[in-house]
Every structure is written in structure tokens, then in C-alpha cells.
Number of protein chains: 4
Amino acid sequence: MLSFTCDYTQGAHPKILERLLETNMEKLPGYGNDHYCESAKEKIKKACGCPDAEVWFLTGGTQTNATVIDSVLQKYEGVISAQTGHINAHESGAVEFTGHKVLTLPGHEGRIRAEELETFLKTFWADGSHEHMVFPGMVYLSHPTEYGTLYTKAELEAISAICRNYEIPLYLDGARLGYGLMSYDTDVTLPMIAHLCDIFYIGGTKVGALCGEAVVFTKKNAPRHFLTLIKQHGALLAKGRLTGIQFDTLFTDDLYFQISRHAIEMAELLKKGFAERGYSFFLNSPTNQQFIILENGKLEDLQKKVAFEIWEPFDKEHTVVRFATSWGTTKEEIEELFSFL
Amino acid sequence: MLSFTCDYTQGAHPKILERLLETNMEKLPGYGNDHYCESAKEKIKKACGCPDAEVWFLTGGTQTNATVIDSVLQKYEGVISAQTGHINAHESGAVEFTGHKVLTLPGHEGRIRAEELETFLKTFWADGSHEHMVFPGMVYLSHPTEYGTLYTKAELEAISAICRNYEIPLYLDGARLGYGLMSYDTDVTLPMIAHLCDIFYIGGTKVGALCGEAVVFTKKNAPRHFLTLIKQHGALLAKGRLTGIQFDTLFTDDLYFQISRHAIEMAELLKKGFAERGYSFFLNSPTNQQFIILENGKLEDLQKKVAFEIWEPFDKEHTVVRFATSWGTTKEEIEELFSFL
Amino acid sequence: MLSFTCDYTQGAHPKILERLLETNMEKLPGYGNDHYCESAKEKIKKACGCPDAEVWFLTGGTQTNATVIDSVLQKYEGVISAQTGHINAHESGAVEFTGHKVLTLPGHEGRIRAEELETFLKTFWADGSHEHMVFPGMVYLSHPTEYGTLYTKAELEAISAICRNYEIPLYLDGARLGYGLMSYDTDVTLPMIAHLCDIFYIGGTKVGALCGEAVVFTKKNAPRHFLTLIKQHGALLAKGRLTGIQFDTLFTDDLYFQISRHAIEMAELLKKGFAERGYSFFLNSPTNQQFIILENGKLEDLQKKVAFEIWEPFDKEHTVVRFATSWGTTKEEIEELFSFL
Amino acid sequence: MLSFTCDYTQGAHPKILERLLETNMEKLPGYGNDHYCESAKEKIKKACGCPDAEVWFLTGGTQTNATVIDSVLQKYEGVISAQTGHINAHESGAVEFTGHKVLTLPGHEGRIRAEELETFLKTFWADGSHEHMVFPGMVYLSHPTEYGTLYTKAELEAISAICRNYEIPLYLDGARLGYGLMSYDTDVTLPMIAHLCDIFYIGGTKVGALCGEAVVFTKKNAPRHFLTLIKQHGALLAKGRLTGIQFDTLFTDDLYFQISRHAIEMAELLKKGFAERGYSFFLNSPTNQQFIILENGKLEDLQKKVAFEIWEPFDKEHTVVRFATSWGTTKEEIEELFSFL
């Protein structure tokens with residue numbers, strides 16, 4: 001059946017599998033010490049315009065978030081996130097499992113606001129009893145957010161400035177980073193993110209890899225003995241080549257950006273099609289996730305022909321649903337979908 | 001200087017010290033296996049009208065909350081609390097330190113609402129992706145709340161019914177329980193709490209003891225090997241007599257209730273005095289914590305003569321402050337305070 | 001360069017890559033809910049002779065050990081392991097990171113002994129102060145052990161009987177299980193392991209997969225909400241197909257056993273070659289890891305031509321080294337090695 | 001009944017209770033910010049000859065060990081201890097509960113040996129795969145040990161030198177420190193301990209206090225925000241006065257040392273009496289715990305008249321038992337005991 005449920009329903013971009021096949025019988029050292037990892041790291045550093053960055057590969061988003069956040073935070077610190085942030089809502093408490101609180105700010109279509117962040121930090125430090133509270137030790141953003149929205153350059157700069165002022169690292173969850181960078185409607189670039197954030201990750205799982213996320217520490221700020229910490233968190237692959245080769249492929253000839261752009265083109269097509277047919281959007285998403293408001297009868301009807309995700313009730317008669325495109329979505333699929341609307 | 005900063009500024013009720021002195025040279029077994037602990041437990045079970053209860057003594061509130069919550073929850077579960085609940089706001093992340101998330105509901109003058117609790121639980125279980133979220137495994141209330149407010153019998157019954165319906169335990173933090181039970185304006189009794197809650201604790205530290213909280217498991221539901229769990233959490237006193245003798249004294253001849261009542265009488269006096277002099281209250285507290293709105297000039301003036309706690313800004317010109325009475329507050333102190341108003 | 005450093009230097013068995021390629025563009029549900037995972041589970045249950053088993057796929061050994069052990073243990077429990085057990089020695093404290101102690105027994109060429117296990121358990125329960133200690137809550141074995149050795153059927157039966165007597169689960173780490181089952185010198189079969197153990201895992205990473213371990217709960221004893229626990233431990237793959245397809249391939253037409261047998265044949269060849277040339281063995285390993293004692297001069301010389309692992313000093317003049325074969329080792333490689341001896 | 005079971009069977013030294021009584025109605029700030037805590041800290045720093053030390057009060061030994069060790073260690077580090085060390089054997093896994101492994105060395109009558117420590121550290125750092133292991137991040141000693149034995153000055157100096165060489169802190173558990181310092185057979189002083197160790201604690205619970213241990217950071221090396229960390233570990237007393245006043249009393253007019261000396265005198269008397277009557281000792285303890293080998297018939301007989309602790313079986317016919325004296329033991333009790341021998 002036609003499916004737009006999410007951006008990780010298919011395997012890997014064919015070039016990745018090809019590369020895995022070509023290199024398969026080479027004998028390589030384990031744990032990320034192979035030359036493919038090395039090469040992938042160099043290409044990522046170059047793409048980030050950040051020659052001094054330290055890059056590490058992990059296998060999934062929740063794992064990456066929990067490992068990075070726990071490794072960077074002091075024991076008395078928590079991480080600030082939007083209420084709707086993935087770490088707060090949909091990671092089974094993986095951050096708390098490592099002993100750290102998620103400190104929440106209101107989510108505005110998935111984004112936090114610089115001024116609310118600043119107020120939070122100011123209030124914390126002004127509070128006479130703050131030693132009895134959890135110290136804010138990091139700011140977590142997702143970009144794109146869980147609602148497909150993006151921060152602007154100005155917003156990122158404002159948040160980054162506050163983080164530097166309060167001397168806490170800014171961490172950006174880029175599970176879908178490619179789709180954000182290739183949006184028609186963004187002024188944010190990868191080097192800009194590397195410049196403004198202290199840590200971020202470039203998502204592979206949702207952008208064409210079988211698995212894998214590339215964590216970038218931009219300021220020579222990787223935690224000491226990070227390999228040991230990764231292992232302790234159960235996140236160290238014996239065959240590090242699996243992520244190394246995938247990212248090396250994704251960052252060769254701009255593949256990561258091209259396939260992200262393709263998903264965006266498909267999303268814009270889909271968006272236009274829904275709009276032209278009079279459907280309403282829950283919010284204006286400039287990335288590969290589109291949130292449509294469906295009348296409940298229409299929803300039931302549509303579910304028989306195409307798979308998509310139920311997001312949340314809108315009102316008694318309507319429901320918000322999500323259609324996601326990906327590197328693998330085709331124009332034909334979009335057109336087939338339109339034939340059902 | 002005159003002080004109303006909190007209810008733990010003085011040592012212990014004199015009868016407690018007397019009792020510690022009398023029993024001091026007796027040789028007793030350690031870790032709570034002495035006959036004073038035994039006797040105190042019996043008296044507490046009787047006062048609770050709950051002969052099958054299991055009672056344990058710990059030394060402080062944060063310690064008690066973290067130990068109980070972590071010991072009762074499954075690893076995939078979190079605890080539901082008001083946003084303003086002590087475990088969420090002022091315990092340095094002690095619950096998260098044990099690996100569990102605090103799931104928040106809005107606080108209404110410190111209280112959660114039964115209908116919001118039910119919606120939260122219903123929404124969680126209806127969510128198709130709830131396996132990727134933290135399971136709600138317990139409901140945490142404080143009574144009195146951090147704002148001095150109380151639940152009514154009807155409110156507790158409603159919350160308790162929801163918990164039973166969803167098969168999760170109801171846990172009541174009674175750090176100031178005596179002051180709640182002896183309020184002029186409550187229809188809640190100790191046996192009622194024992195009946196409606198699965199676990200609760202009777203606070204000693206803030207109600208006349210040097211240290212000590214009595215945890216009551218009301219439904220033969222103490223965790224297996226709870227002594228070991230207490231020790232693992234660093235909460236097992238070698239000289240268990242210290243808490244046993246204190247609670248035995250507090251529950252002899254209704255001392256706990258009498259001294260709590262005294263604090264309430266002092267609070268009502270204080271409240272009346274402020275009201276008569278035209279001061280406004282931030283909210284209507286029926287217990288020993290009173291929240292007054294002071295004009296900032298007055299505040300500065302008053303601070304020179306009497307100690308109290310700054311709670312939060314009210315508006316540009318006013319501040320919310322807290323005056324707390326306790327078992328040790330005297331009428332003379334209240335009158336001296338009035339002379340400064 | 002010729003290399004025998006370990007059994008995870010190459011990618012995946014070619015049939016696995018072929019299968020990944022064939023299925024790549026299929027749209028499948030995430031998180032292990034796809035039909036390849038389902039099929040793989042059925043095949044594994046059949047191979048185990050255990051139709052009621054519950055099977056889950058994780059990505060690596062340390063991750064699997066920590067997730068399983070933490071999920072199964074009560075909070076007051078630890079896991080018993082040989083001093084040399086992988087969880088005690090080479091997993092960066094991943095078990096302790098989850099809050100549980102590893103309780104050690106002496107290792108006898110990597111194995112624990114039933115009688116020492118029984119004494120440990122008897123002593124624990126007889127100790128009047130055992131409530132102040134860590135409760136033994138699970139027994140961990142590795143098979144093959146870290147020294148390539150194997151338990152006999154009689155040894156496993158004895159250990160299993162003790163575990164049942166003390167009502168604690170027996171967990172077998174089968175990171176290299178294939179190489180153990182296909183040894184020339186074993187009376188242990190896969191159904192026997194499924195019968196005698198409560199939980200075990202079938203290693204993929206070291207036996208032909210890119211990544212992946214199949215955890216088998218043999219007695220309908222998977223922890224409640226195990227998916228959530230896996231996610232909380234950062235171990236849930238979004239594209240569960242990656243492990244599902246690999247295990248489905250490994251358990252089609254006995255591929256897992258055939259490639260394991262090949263590695264054993266290569267190991268026996270290697271063993272014979274070293275023995276014929278007068279080399280001594282550190283111990284008699286019946287599996288794919290062979291521990292040879294090299295004179296230090298010879299070692300330095302050999303290192304220039306072939307890669308292998310330094311294990312530990314033997315005496316002033318000799319060193320123990322490890323040669324590992326795998327599913328990918330060729331007869332030609334063995335012969336080339338012999339030409340250097 | 002006559003009892004020598006342990007050194008925490010009685011309440012507090014009478015002077016402590018007297019002091020609690022005298023100061024009881026003073027209104028003091030909470031959480032250790034009162035002037036009694038301040039005064040106690042000053043006296044302790046003076047007694048340690050360490051004016052720059054930072055002193056904190058906690059309530060019990062297990063709590064202190066877990067809080068200090070977890071707060072000081074990096075997340076990838078464990079703590080080295082004798083196999084028989086209290087943290088490894090009798091604290092219910094409280095250290096592992098915080099995520100850290102206890103790395104064990106052989107215990108020699110409770111002591112570790114400098115040369116074995118050095119070999120352990122050298123071996124760890126020489127191991128090519130040490131990044132896959134738990135880093136040794138601290139050395140834990142108990143003094144007196146769990147067997148009543150003591151380190152000599154030379155032994156402490158050797159261990160301290162190794163720790164400095166490897167740049168890891170030396171932490172001394174002084175649950176019974178007074179009894180060690182006042183032994184007839186020691187060349188170790190309190191200032192010496194403060195000089196050689198990075199952190200240690202002066203035990204109160206077992207040396208005359210109701211509860212309380214004074215942690216001393218000797219090199220301006222208290223963890224940042226240690227108050228918050230203490231609270232997070234459930235170890236922060238609201239009425240910090242309780243420990244402050246006790247330690248202030250213990251360190252006024254050398255009370256701590258006098259009462260410790262008294263316990264030693266009683267232990268020496270007891271020792272002499274057993275020896276004169278032909279009893280054998282399990283080991284030669286120079287402190288307040290004496291380990292006697294009793295014939296099993298005698299043991300049963302004696303148990304009817306006097307309480308003591310069963311330590312461990314010696315052989316088929318004999319058992320090791322422990323008699324402990326304390327600050328409260330009287331000459332009359334010792335003589336009554338002798339009448340039963």
C-alpha cells in the first residue's frame with residue numbers, strides 16, 4: 001500500500017548498499033578505528049566548515065541523545081528542552097534513565113523562544129534556593145522540530161548567544177537535519193549550525209542510512225574518554241565500518257544534501273496538492289513532514305488506500321495527520337495519493 | 001531576630017529530647033530492629049486505623065520521596081506530579097537521579113485536578129506510540145501542598161478512584177501532614193488518607209522531630225526487600241532508635257496532633273492580624289504557611305526586623321513572601337511581628 | 001596484511017548483503033514490527049526447539065548484556081559472573097552504569113564451576129546480614145567463554161539446576177554461540193541451551209552479521225514492556241529490518257551453523273599447524289579463538305607479517321597471543337600464516 | 001543482656017545530648033548553614049592541621065561513601081577497594097546504584113597492598129584495550145578496616161604516593177577513625193591522614209554520635225555544587241544543626257579522642273582477658289573490634305549470657321566471633337564477660 005507514515009520505512013539509499021557491498025570483505029579494525037570512519041569524519045568536518053570538529057558515529061537518535069547529554073552534563077545538571085522535544089516526549093525516559101532531568105520550556109510549534117530561555121536561566125540563578133534545584137546545564141533544540149518547523153538564523157543566533165552568556169552548551173538534534181538544510185524556506189546552513197552550536201548531530205537513519213547518526217563536537221569539546229562513555233551506554237558498534245561507510249557515502253558528492261532536497265521537493269509537491277484541493281494545514285511546515293487537518297470521515301476513507309500517521313485530535317470532527325516524504329518518495333506516489341483526495 | 005522563615009528552624013519538641021535522654025544508654029539492635037521502632041509502628045498503624053500497614057522510618061523528605069518512588073516504580077515508569085510538586089521543583093533531581101521521569105500536570109495552588117489526571121492517563125493509553133513514552137506508574141500528591149493548600153476529601157476520593165481504575169499507586173507526601181490534618185478547614189482525616197492512598201509519609205522533620213519521616217504502606221504493598229533498597233539509597237540509619245524513639249514520642253498521647261494544632265492556631269492568629277491590617281494574601285492557605293503580598297518598600301523595612309522567606313515577585317511593586325509557623329511558634333512572637341506591621 | 005585479530009574484521013556474509021539489497025526498497029514498519037523480524041523470530045524459535053520463546057533483536061553484545069540484565073534484575077539484585085566474564089572485564093562498566101553489581105566467582109579458563117556457584121548462593125542466604133548485601137539475582141555465563149572454552153552438557157545442567165533451586169534466571173551470553181555449537185568437541189546443542197537457560201542470546205556481530213544479537217527468552221519470561229526498556233537503554237533500532245533481515249538470512253538453510261562450522265574447521269587447521277610446528281597453547285580451546293604462547297622474539301618477527309592480538313604476558317620471555325578465525329577465514333590465509341612460522 | 005555486638009548499640013555520648021538540649025530552641029538556618037556547623041568545621045580543620053580543608057556533614061557511612069564516590073568520580077571511572085572493603089561487601093550495592101563499578105584488590109586482613117595497587121594501575125594503563133574497561137578513578141581504604149586492622153604510616157605513604165603518581169584521589173573511610181587513631185599500636189595521626197589523603201571521613205555514628213559523618217576534602221577539592229549533589233543523593237539534612245552540634249561537641253576538649261581512647265582501653269582489657277584464658281584470635285586487631293575463635297560448644301553456651309557477632313566459620317569445630325567495645329563500654333561489663341569464659 002502507498003505509504004507516507006514516516007521517513008524511515010525503506011532501507012538505505014542504493015549508493016550506500018553498493019558501497020557496503022564493495023568494501024564488504026576488507027579486513028578493518030573495529031570500534032570506529034577504520035579508514036572509512038576517518039574519511040567520513042574528514043568529509044563531515046569539511047561540510048561543516050569546522051576543521052577542528054570531533055566527529056563520532058552512533059546508531060540511533062534516542063541512543064545519541066542520551067549518550068551525548070549524559071556524557072556532557074555534570075551530575076547536578078539537567079537539559080533544557082521544549083515540552084514537545086523528542087527527549088522529553090518520545091524517548092521512553094532515556095535521558096532520565098541516565099540520571100538527568102529534562103527541564104521544559106513551552107514549545108511553539110516545536111521551537112523554544114530565546115526570551116523564554118533567558119527568563120528561565122535568569123530566574124534560576126536569581127532564586128535564592130537554586131542549590132536545591134536542578135541546574136540548567138545544556139540547551140537542547142531539534143531542527144527540524146518534531147513539527148517539521150525550523151529555527152531561523154536569527155533565532156539560532158539569539159539562543160546561542162544566551163547559551164554562551166550562561167556558559168552552557170547548545171546541543172542541536174538533527175535527526176532530520178538534511179530536510180531542514182534543504183528546505184525552500186530557511187536561511188540556516190550547516191557551517192552556521194557548526195558555528196552556533198557546541199554539539200549537534202547529523203541524522204542518518206531518517207536521511208538515507210540503514211542506521212547511524214554523526215555527532216559533531218564543534219569546539220574541541222568532546223568529553224574525555226568519550227569512546228568509553230559510548231561503550232558504557234551500549235552505543236559502541238564493533239563493526240564501526242557500518243556507520244563509517246554509510247556517512248562516507250552520504251558525504252561524497254553531496255549525496256546527503258541531494259537526497260534531502262529530493263524529499264523537500266516531494267513535500268512541496270504534496271503540500272501544493274493538498275492546498276489546491278482545499279485542505280487545511282495544522283501548521284506551516286517547510287520540511288518533509290506535513291501536518292494536514294482531515295475531516296474524520298475522509299480520514300477513515302483515506303486510510304483504506306494510503307498509510308499515514310494519526311497525529312492528534314483537532315476537534316470533534318477533525319484530526320491532525322502527518323504525511324512524511326523521504327529520500328525514497330517518488331513523484332508517482334504523490335500523484336497516486338492525489339488521486340484519492 | 002524574630003523568624004518565621006520555615007517550620008524547621010528549631011530543634012525537636014522538648015518531649016522528644018527528654019525521651020532520647022531517658023533511653024540513651026540502653027543497648028538496642030541497629031537498623032530499626034529495636035523495640036522503640038516496633039512500638040512507634042504500632043502506634044502509627046493504630047492512628048491510621050490500618051492494622052495491616054507496614055511502616056518504615058527514613059530521615060528526610062527528599063530521601064523518602066526518592067527511595068519510595070524508585071523502589072515502587074517499574075523501570076519503564078515515571079511518577080505524575082503537579083508542576084509545582086516538591087519532587088519536580090526543589091529536590092535537586094533526586095527522582096531523576098534514580099532513573100525515573102517526573103511527569104507533570106498543571107498545579108492549581110499546588111494541587112493537581114482529578115479530571116486533568118484522568119485525561120492524562122486516558123491520552124497516554126490511547127496514544128498508539130505510548131510504548132515510546134514513559135509509562136505513568138504512580139501519582140504523587142503533597143498534602144499540604146507547597147502552597148499550604150489542602151485537598152478535600154472529595155478531591156482525594158476522586159484521585160484515588162482514578163488511580164485504582166488505572167492500577168497505579170497513589171502516594172501522598174506528608175512532609176507537613178500534621179499541619180494539614182489539624183487545619184480549621186479540612187474534612188480529611190489520617191485514617192481516610194490511609195484508606196485512599198497506597199503509600200504516604202507522615203513528616204517528622206517539619207513537625208517537631210530532629211529528623212525523620214514515617215512511610216506507611218497501607219495495602220501490604222511494601223516493596224520486597226525494602227530494607228535493602230533503603231540501604232542502597234543511602235537512607236538506612238544504623239541507630240534506627242533515633243527515628244523510632246522520636247515517632248514513638250510523637251504518637252504517644254496525640255503529641256503529633258497537639259503540636260500541629262498549636263502551629264495552626266498560631267497561623268490563624270497571624271493570618272487574622274495581617275488581614276486586619278489590610279494586607280492581601282497570595283492565596284488562601286488553611287495551614288501553617290501563609291503567603292502575603294508585600295509592597296516592596298514595606299518588605300525591605302520589615303526584613304530589618306523579622307526573618308521570612310521571599311517567595312516570588314508578584315508585580316513590579318509587590319512581592320509574595322512566606323511566613324511559616326510551627327510547633328514552636330509562640331503567641332508573643334506573633335504579637336511582636338504585629339508591632340512591626 | 002594477513003589478519004587473525006578477531007572475528008569481526010569483515011563486513012557481513014555475502015548472502016546477508018544480497019538479502020538487504022533485494023528488500024531495500026520495500027516499505028516496512030519500524031521498531032522490529034516488520035515481517036522479516038517476524039520470520040526471523042519463527043526460524044530461531046524452531047532452531048531452538050522452543051516454540052513459545054520470545055525473541056528480540058538488539059545491535060551489539062555490551063548493549064544486549066546491559067539491557068537484558070538491568071531489565072530482568074530487581075533493583076536490589078546483582079548478577080553473578082566469572083571474574084573474567086565479559087560483563088565484568090571488558091564492557092566499560094555498562095552493567096554497573098544501570099545500577100547493578102557484578103558479583104564475581106573465580107574463572108576457570110573462563111568458566112564458573114557449579115559447586116562454587118552453589119557455595120556462593122548458600123553462603124549468601126546463610127549470612128545473617130545478607131540484607132545489607134547485594135542479592136544474587138541472575139547467573140551469567142559466556143559460551144564460548146572469553147578464552148574460547150565451552151561448558152559441557154553436564155556442567156550446564158548442574159548450573160541450571162542450581163539456578164532453578166535458588167529461583168534465579170540463568171543467562172547465557174552467546175556472542176560467539178555459533179562457534180561453540182559447531183565445535184568438534186561439544187555435546188551441547190541449541191535446543192539444550194534453550195531448555196537449560198532462561199535467557200540467552202545468539203550472537204550475530206561475530207558470526208557473519210553487520211550487527212545484531214538475537215535475545216531469546218525461553219520461558220515466556222520476557223520483561224513486561226520490554227520494547228520500552230530496550231528504547232530506554234538506547235537499544236531500539238528505528239529500522240528493525242536491519243537486524244530482522246540479517247537473522248532471517250542466518251537462520252535460512254542453516255547458514256548460521258554452516259558458516260560457524262567453517263570457522264571451526266579453519267581454527268582446527270590453524271591449531272594443527274601450530275602444534276605440528278612445536279608451538280605451545282595457553283589452553284586447549286575447541287572454538288575459533290586459539291591462544292598460542294610465543295617467544296617474544298618470534299612475536300616481534302611475526303607481527304611484521306600478520307596481525308593478531310596480544311593477550312597477556314606469559315613469563316619474561318613469552319607472551320600469550322590470540323588468533324581468531326571467522327566465517328570469512330580462508331584456507332589460503334591459514335597456509336600463508338604457516339609460511340611465516 | 002550483656003552485649004558486645006557492635007559499637008552503635010547505645011545512643012550518643014551524654015555530652016552530645018546535653019548540647020542538643022541546651023541549643024534546642026535556638027532558631028537556626030537549615031541545610032548546614034548554622035553557626036554550629038561552622039564552628040564544628042573550624043574545629044575539625046584545626047584538629048586535622050588542615051586550615052584549607054572543606055568539611056561537610058552527612059548522616060551515615062553507606063550514604064557518605066556513595067555520595068562522595070559518585071560525586072568525585074567521572075562517569076567512566078570506578079573505585080578501587082579491597083575485596084573485603086565495606087563498599088564492596090556490605091553496602092547493598094550503593095556505589096553501583098550510582099553507576100560506578102567497585103574494582104577489587106585482594107584484602108590482607110582488610111588492607112590493600114601498595115604493590116598490588118601499583119600493579120593493578122600499571123596493568124590497566126598498559127592494556128591496549130583499556131578504553132573498553134572501567135577506568136580506576138579513586139582508591140578507597142577503610143581505616144580501621146572491617147577486620148579492625150590499621151595501615152601503618154609507611155603503608156599510607158606508599159599508597160598515597162601511587163595515587164598522586166597516577167593522579168587519582170585517595171579516599172579513606174573512617175567510620176571508626178577515632179578507634180584507629182587512639183590505638184596503642186599506630187604511628188598514624190589525624191593530620192597525617194589529612195596530608196596523605198585527598199578525601200576522608202571522620203565517623204560519628206560509631207564513635208559517640210546519634211548519627212553523622214564528617215567528610216573532609218583536604219586539597220580544596222570538594223566537587224562543585226556539592227550541596228546539590230548531597231541533596232540529589234538524599235543525604236541533605238534539613239536540620240543540619242543535628243550533625244553540626246554533635247561534631248562541635250565531639251571536637252570540643254578532645255572528646256572524640258578521649259572516648260575513642262576509652263574504647264581502646266576496654267578492647268585491650270578484653271583482649272588480655274581472652275588471651276590469658278587461652279583463647280585464640282583470628283587476627284591481631286589493635287582497635288575496638290576483637291575477633292576470637294570459639295569452639296562451637298562454647299559459642300552456644302556463651303550466647304546464652306552475652307551478645308556478640310558471629311563473623312564466619314573457622315573450621316568444622318570452631319567459629320570466628322566478633323566482640324566490639326565502644327565509647328560506652330564499662331570495665332564492669334568486661335569483668336562480667338570474663339566471669340562467663
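Here, the structure is the one placed above.
Bear in mind the structure is a predicted one, so any value in this text is a computation, not a measurement.

What counts and what doesn't
- All residue numbers refer to position in the chain's written sequence, counted from 1.
- Labels follow written order: the first chain is A, the first ligand is 1, and so on.
- Per-residue local features are limited, in this predicted model, to residues with pLDDT of at least 70; the limit for side-chain atom pairs, both in listing and counting, is 80 or more; totals at the level of whole chains, interfaces and linings are taken over all residues.
- Only hydrogens and water are set aside; all other atoms, that is, all heavy atoms of the structure, feed into the side-chain values.
- Each helix is a run of H or I in the DSSP string that is no shorter than four residues. Each strand is a run of E no shorter than two, and both are numbered from the N terminus.
- Residue exposure (1.4 Å probe, protein chains only): buried if accessible area is under 20% of the type maximum, exposed if over 50%, otherwise partly exposed.
- The criterion used for residue contact is that any of the two residues' heavy atoms lie within 4.5 Å.
- His is not counted here, nor are the chain ends, while Lys and Arg score as positive and Asp and Glu score as negative.
- The atom standing in for a charge is NZ when the residue is Lys, CZ when it is Arg, CG when it is Asp and CD when it is Glu.
- Once two parts are joined, some of their accessible surface, as seen by a 1.4 Å probe, is lost; buried area is that loss totalled over both.
- Counted as salt bridges are all cases of a side-chain nitrogen of Lys or Arg within 4 Å of a carboxyl oxygen of Asp or Glu.
- Throughout this description, a polar contact denotes any pair of N or O atoms lying within 3.5 Å of each other; where both atoms belong to protein, one of them has to be capable of donating a hydrogen while the other can accept it, and for residues adjacent in sequence the pair is counted only when both atoms sit in side chains.
- When residues are sorted by character, Ala, Val, Leu, Ile, Met, Phe, Trp, Tyr, Cys and Pro go into the nonpolar class, Asp, Glu, Lys and Arg into the charged class, and all the rest, Gly among them, into the polar class.
- Here, expected helix span is obtained from the residue count minus one, scaled by 1.5 Å.
- By definition, the arc is the one covered by directions from the helix axis to the C-beta atoms.
- Here the copies are superposed with least squares, the fitted atoms being C-alpha atoms of residues at a pLDDT of at least 70 in both.
- Working definition: rings of Phe, Tyr and Trp (its six-membered ring) pair if their centres are within 6.5 Å, and the pair is stacked with planes under 30 degrees apart, edge-to-face with planes over 60 apart, and tilted otherwise.
- As a reminder, the over-ring test applies to NZ of lysine and CZ of arginine, requiring each to be within 6 Å of the ring centre and within 35 degrees of the ring normal.
- The pairing criterion for strands is at least two bridges between them, as found by DSSP.
- To obtain each axis, a line is fitted to C-alpha atoms, and for helices this fit is confined to the stretch in contact; angles are then taken between N-to-C directions over 0 to 180 degrees.

Visitor: Run through the overall build of chain A, naming residues and quoting values.
Guide: The secondary structure content of chain A amounts to 14 helices and 13 strands. Overall, the C-alpha framework of chain A stretches about 60 × 55 × 35 Å when taken along its three principal axes. Every one of the 341 residues in chain A was classed for burial, and the buried ones make up 66%. Taking the contacts inside chain A whose residues are at least 6 apart along the sequence as the reference set, 71% of them involve residues at least 24 apart. Within chain A, one finds 32 positive and 45 negative side-chain charges whose respective centroids are separated by 4 Å.

Visitor: Report on the interface of chain C and chain A, specifying residues and quantitative values.
Guide: Across the boundary between the two partners, chain C contributes 42 residues, which contact 42 residues of chain A. Taken together, both faces of the contact between chain C and chain A bury some 4,100 Å²; the carbon and sulfur share is 60%. On the chain C side of the contact with chain A, Lys27, Phe97 and Lys239 of chain C bury the most area, a combined 20% of that side's loss. Inspection of the region where chain C meets chain A yields two salt bridges. Taking the shortest distance from any N to any O, the salt bridge between lysine 27 of chain A and glutamate 333 of chain C comes out at 2.8 Å. In this assembly, chain C and chain A are joined by 28 residue pairs in polar contact (both at pLDDT 80 or more). Grouping the amino acids of the side of chain C that touches chain A by side-chain chemistry returns 18 nonpolar, 16 polar and eight charged.

Visitor: Account for helix 2 (residues 35-47) of chain B, with residues named and values stated.
Guide: Residues and elements named next belong to chain B. Taking 1.5 Å per residue, 13 residues should reach 18 Å; helix 2 reaches 18 Å between its end C-alpha atoms and fits that length. Burial in helix 2 covers these residues: Tyr36, Cys37, Ala40, Lys41, Ile44 and Lys45. The buried residues of helix 2 occupy an angular sector of 170° when projected down its axis, which confines them to one face. Buried positions along helix 2 lie against helix 1 (14-23), strand 2 (54-58), strand 7 (199-203), strand 8 (213-217) and helix 11 (241-250). Capping the start of helix 2, aspartate 34 holds a side-chain oxygen 3.0 Å from the backbone nitrogen of tyrosine 36, two or three residues further along. Immediately downstream of helix 2, the backbone of glycine 49 shows phi near 60°, a positive value.

Visitor: Which residues make up the relation of the copies chain C and chain A, and what values go with them?
Guide: For these two chains of identical sequence, chain C goes onto chain A by a turn of 180° and a shift of 0.0 Å along the axis, with RMSD 0.0 Å. A rotation of that kind, with that shift, is consistent with a two-fold axis. Of the interface residues in chain C, 100% have counterparts in chain A that sit at the interface too, so the contact is made through matching surfaces.

Visitor: I'd like a description of the packing of aromatic side chains, backed by residues and values.
Guide: Applying the stated criterion across every chain yields a total of 90 aromatic pairs over all chains. An angle of 75° between the planes, with centres 5.7 Å apart, marks the rings of tyrosine 8 of chain B and tyrosine 31 of chain D as edge-to-face. With tyrosine 8 of chain B in the loop between strand 1 (2-3) and helix 1 and tyrosine 31 of chain D in the loop between helix 1 (14-23) and helix 2 (35-47), the pair connects residues from two separate chains. Accessibility expressed as a relative area gives 10% for tyrosine 8 of chain B, which makes it buried. Directly above the aromatic system of phenylalanine 338 of chain A lies the positively charged group of arginine 277 of chain A, at a separation of 4.4 Å from the ring centroid.

Visitor: I'd like a description of the interface of chain C and chain B, backed by residues and values.
Guide: On the chain B side, the residues contacting the 20 residues of chain C number 20 residues. Counting each side, the surface lost to burial between chain C and chain B is near 1,900 Å², with a carbon and sulfur contribution of 56%. The largest share of the area that chain C buries against chain B comes from Lys75, Tyr76 and His132 of chain C, three residues that together contribute 40% of it. Linking aspartate 70 of chain C and lysine 75 of chain B is a salt bridge whose minimum nitrogen-to-oxygen distance equals 3.3 Å. On the surface where chain C and chain B come into contact, there are 12 residue pairs in polar contact (both at pLDDT 80 or more). When contributions to the side of chain C that touches chain B are tallied by element, the ones reaching two or more residues are helix 3 (61-72) and helix 10 (226-232) of chain C.

Visitor: Summarise the sheet that holds strand 13 (residues 318-324) of chain D; cite the residues concerned and give the values.
Guide: Residue and element names in this part refer to chain D. Spatially, four strands are ordered 9-10-13-12 in an open sheet, and the strand pairing comes out antiparallel. Only two strands of the sheet have a single partner each, and these edge strands are strand 9 (280-281) and strand 12 (309-313). Relative to strand 10 (residues 289-295), strand 9 runs antiparallel, the two sharing two bridges. Bridging across to strand 10, serine 280 finds its partner in isoleucine 293. Helix 12 (residues 255-276) rests against strand 9, strand 10 and strand 13 of the sheet, and its axis sits at about 20° to strand 10.

What is shown is where atoms sit, not what they do.
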